[in-house]
Structure formats: structure tokens, C-alpha cells
Amino acid sequence: MEIKEALLHFCQDYVRQKKEVLKKRGATLQESLNLETKSSAGDKHETGRAMVQLEQEKLGQQLQEIEKMAQVLKLVNIGAPTQKVGLGNLVRTSTAHYFISISVGAFKEENGNPIFCISPSTPIAKLLLGKEVGDTFVFNGKNHKILELI
């Protein structure tokens with residue numbers, strides 16, 4: 001499998017796993033909300049329901065974020081030839097390697113080197129976007145050079 005395919009699958013698996021975890025958590029919360037029964041301590045019951053509903057709201061927000069990530073991944077075209085850094089590119093710099101897609105952490109290459117999967121909205125990606133092989137930029141006070149664009 002080509003490296004960019006592997007990177008895209010890594011990102012897609014992350015989104016799929018996160019979505020499954022959040023859906024399971026949502027089902028558990030719904031179940032606990034359904035099981036809440038009125039007790040003699042009415043205030044305790046209402047507090048319990050309110051807490052579960054707050055958790056459900058947080059969960060809903062997390063699901064929205066995951067859906068946004070899934071939408072970004074649908075826009076990633078790993079086969080498009082390019083001369084400038086953009087979505088779906090693997091950028092090898094003098095200090096690190098980046099896959100411009102969604103922020104999901106580091107993917108380990110077969111040789112053990114990490115490739116950081118980053119969103120276009122991250123500070124480093126904002127510096128990379130539109131640049132070409134040979135271009136340099138400064139990030140965190142260090143000079144970086146783009147060595148390869150795949």
C-alpha cells in the first residue's frame with residue numbers, strides 16, 4: 001500500500017473508531033436516562049437527569065466534530081498531482097513529516113519515523129499551505145525546509 005493510502009486509512013480508522021465509541025456512550029447515556037425513575041428524593045432524580053442531559057449535549061458536540069473530520073477526509077484527494085502544499089499532501093521537511101488532512105496524531109512509518117497527521121487549520125499547516133519544494137519557513141523559532149512533496 002502506498003504511504004498516502006496508508007495515511008488516509010489511518011485517519012479514516014481514527015474517525016470510525018471515535019464515532020463508534022461516541023455512539024456507544026450515547027446509547028449508555030440514553031439507557032441511564034430511561035432507567036431514571038422517580039424516587040422519594042425528587043430533587044436527586046432531577047439532578048441526575050440534568051447531569052445525563054448535559055453529558056448528552058457534550059456527546060452531541062463531540063459527534064459533530066467527528067462528522068466535520070469525516071467531511072474533510074472526503075475532500076482529501078491523495079492522487080492529485082500538485083506543486084504546492086495542500087489538503088492530502090505528504091510534506092517531508094528538514095525537521096518532520098506532515099500529512100495535511102485532519103489532526104489525529106502520529107502515524108509510524110515502517111522505518112519508525114513518525115508522520116504527523118495535521119489539520120489545515122493548525123499553525124504549522126498554515127505555514128506550509130501554498131509552499132513548494134525548496135521553500136523555507138520558521139516555526140517555533142526554527143528554520144524548516146520543504147524537502148519533498150508527495
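Please refer to the structure placed before this passage.
Thresholds applied
- Residues numbered from 1 in each chain as written.
- Predicted model: local features only at pLDDT ≥ 70, side-chain atom pairs only at ≥ 80, totals over all residues.
- Heavy atoms only, no water.
- Helix = DSSP H or I, 4+ residues; strand = E, 2+ residues; numbered from the N terminus.
- Rg over C-alpha atoms; globule rule 2.2 N^0.38 Å.
- Buried < 20%, exposed > 50% of the residue type's maximum accessible area, 1.4 Å probe, protein only.
- Contact = heavy atoms within 4.5 Å.
- Areas by Shrake-Rupley, 256 points an atom, 1.4 Å probe, with all protein chains shown as cover.
- Polar contact = N/O pair within 3.5 Å; in protein donor to acceptor, adjacent residues only side chain to side chain.
- Pairing = 2+ DSSP bridges.
- Disulfide = S-S within 2.5 Å.
- Salt bridge = Lys/Arg side-chain N within 4 Å of Asp/Glu carboxyl O.

1. Section: the overall build of the protein
Tallying secondary structure elements over the protein gives three helices and six strands in all. For 150 residues, the compact-globule estimate of 2.2 N^0.38 gives 15 Å, and the C-alpha radius of gyration of the protein, at 21 Å, exceeds that figure by more than 25%. Taken over the C-alpha atoms alone, the protein extends approximately 70 × 35 × 25 Å along its principal axes. Considering the protein as a whole, with its 150 residues, one finds that 33% of them fall into the buried category. A sequence separation of at least 24 residues applies to 51% of the contacts in the protein between residues at least 6 apart. Carbon and sulfur atoms make up 53% of the accessible area of the protein, which totals about 9,300 Å².

2. Points about the side chain of S119
Position of S119 relative to the elements: it lies in the loop between β4 (114–118) and α3 (123–128). Engagement of the side chain of S119 in a polar contact is seen with the side chain of S121, the distance being 2.9 Å. Here S119 is in contact with S101, I102, S103 and A125, once residues within four sequence places are set aside.

3. What about the pairing of strand β2 (residues 97–100)?
Here β2 shows a buried face lined by H97 and F99 and a second buried face lined by Y98 and I100. Bridging between strand β1 (residues 90–93) and β2 involves three bridges; their strand directions are antiparallel. Pairing of R92 across the sheet is with H97, part of β2. What sits between β1 and β2 in their antiparallel hairpin is a turn of three residues. Two strands pair when backbone bridges link them, and β2 and β4 are joined in this way by four bridges, in the parallel orientation. For H97, the partnering residue across the bridge sits in β4 and is I115.

4. A few points about the environment of V138
Relative to the helices and strands, V138 resides in strand β5 (residues 136–139). Sequence spacing of V138 and V72 is 66 residues, and the spatial spacing of their C-alpha atoms is 27 Å. The contacts of V138, once residues within four sequence positions are left out, are L127, N143 and H144.

5. Quick look at the state of the cysteines
According to the stated counting rule, one finds zero disulfides in the structure shown. Left without a disulfide partner, C11 is nearest to the cysteine sulfur of C117, which lies 3.8 Å away. A residue is classified by how much of its surface remains accessible, and C11, at 0% relative accessible area, is buried.

6. As for the pattern of salt bridges
Tallied over the full model, the rule gives eight salt bridges. With a closest N to O distance of 2.5 Å, D13 and R16 form a salt bridge. Note that D13 and R16 are positioned in helix α1 (residues 3–35) at a spacing of three residues, about one turn of the helix. The residue K58 makes a salt bridge to E55 at a minimum N-O spacing of 3.3 Å. Taken as a pair, K58 and E55 lie in helix α2 (residues 42–75) at a separation of three residues, close to a single helical turn. Ionic contacts of the salt-bridge type, sharing partners, join the residues R25, E55 and K58 into one network.

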